[in-house]
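Chain residues, written in single-letter form:
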Amino acid sequence: MKSLAVLPAALAVVLLSGCGADPAPAAAPAPSSPAATSAPAGTPCGEVAGLQGAKNKVVAHGKTDCAEATQVLTDYFAKLTPAEAASPQGPGPVVIGAWTCGSGPNDPVTSCSTEDERQIEATRS
């Protein structure tokens with residue numbers, strides 16, 4: 001009978017011995033190659049109407065899809081005031097959600113970017 005009294009204590013030791021053990025460390029992620037982190041040259045996304053109905057060709061760079069690129073630029077041109085458009089420093093910067101858009105004086109290219117380095121641009125046709 002004495003051996004039965006030891007059984008619960010031995011079982012508790014076995015069960016608790018795994019509680020304090022450190023889990024195996026996770027494998028480190030494989031380093032990415034430089035080619036995997038570089039943005040593509042650009043993806044044409046069609047056109048949006050700009051100031052006074054001017055057509056602008058939209059190009060998305062990096063991890064930005066065409067739907068987002070065209071929406072951001074459509075919102076930018078809708079939000080841009082005549083005073084901002086006529087500014088001697090060029091239109092902008094105008095904030096559209098996470099994006100900041102603008103261009104230089106008399107520059108036919110409007111550029112938008114985010115802090116996580118996504119980029120889009122529109123060029124007057």
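Residues numbered from 1 in each chain as written. Predicted model: local features only at pLDDT ≥ 70, side-chain atom pairs only at ≥ 80, totals over all residues. Heavy atoms only, no water.

Caption draft 1: A look at the sheet that holds strand β3 (residues 94-96). Taking strand neighbours across the sheet as the criterion, the six strands line up as β1-β2-β6-β5-β4-β3 in an open arrangement whose pairing is antiparallel. The two strands at the open ends of the sheet, each matched to only one other strand, are β1 (43-49) and β3. Going from strand to strand, the sheet's axes swing by 25° on average, the running direction of each strand aside. The sheet contacts of helix α3 (residues 66-79) involve β1, β2 (55-61), β3, β4 (99-102), β5 (109-113) and β6 (119-124), and relative to β1 the element is tilted by about 30°. (Pairing = 2+ DSSP bridges. Helix = DSSP H or I, 4+ residues; strand = E, 2+ residues; numbered from the N terminus. Axes fitted to C-alpha atoms, helices over the stretch in contact; angles between N-to-C directions. Contact = heavy atoms within 4.5 Å.)

Caption draft 2: Just the nonpolar core, in detail. Val 58, Val 72, Leu 73, Tyr 76, Phe 77, Cys 112 and Ile 120 are the most contacted members of the largest nonpolar core, which has 17 residues in total. For this core, the secondary-structure elements that each account for two or more residues are β1, β2, α3, β3, β4 and β6. With five residues, the single largest contributor to this core is α3. Setting aside chain neighbours within four positions, we find Ile 120 in contact with Val 59, Ala 60, His 61, Thr 64, Ala 69, Val 72, Leu 73, Trp 99, Thr 110, Ser 111 and Cys 112. (Core = buried A, V, L, I, M, F, W, Y, C linked by side-chain atoms within 4.5 Å. Buried < 20%, exposed > 50% of the residue type's maximum accessible area, 1.4 Å probe, protein only.)

Caption draft 3: Spatial organisation of the state of the cysteines. The final tally for this structure, using the stated rule, is two disulfides. Cys 45 shares a disulfide with Cys 66; S-S distance 2.1 Å. Every disulfide takes its handedness from the sign of the S-S torsion; for Cys 45 and Cys 66 that torsion is -70°, giving left-handed. Taken together, the positions of Cys 45 in strand β1 and Cys 66 in helix α3 put the pair 21 residues apart, joining distant regions of the chain. Cys 66 gets classed as partly exposed once you look at its relative accessible area, which sits at 27%. In this model Cys 101 forms its disulfide with Cys 112; the gap between the sulfur atoms is 2.1 Å. Judged by the torsion about the S-S bond (115°), the Cys 101/Cys 112 disulfide is right-handed. Of the two residues, Cys 101 sits in strand β4 while Cys 112 sits in strand β5, which places them 11 residues apart along the sequence. (Disulfide = S-S within 2.5 Å.)

The values are spatial; any link to function lies outside them.
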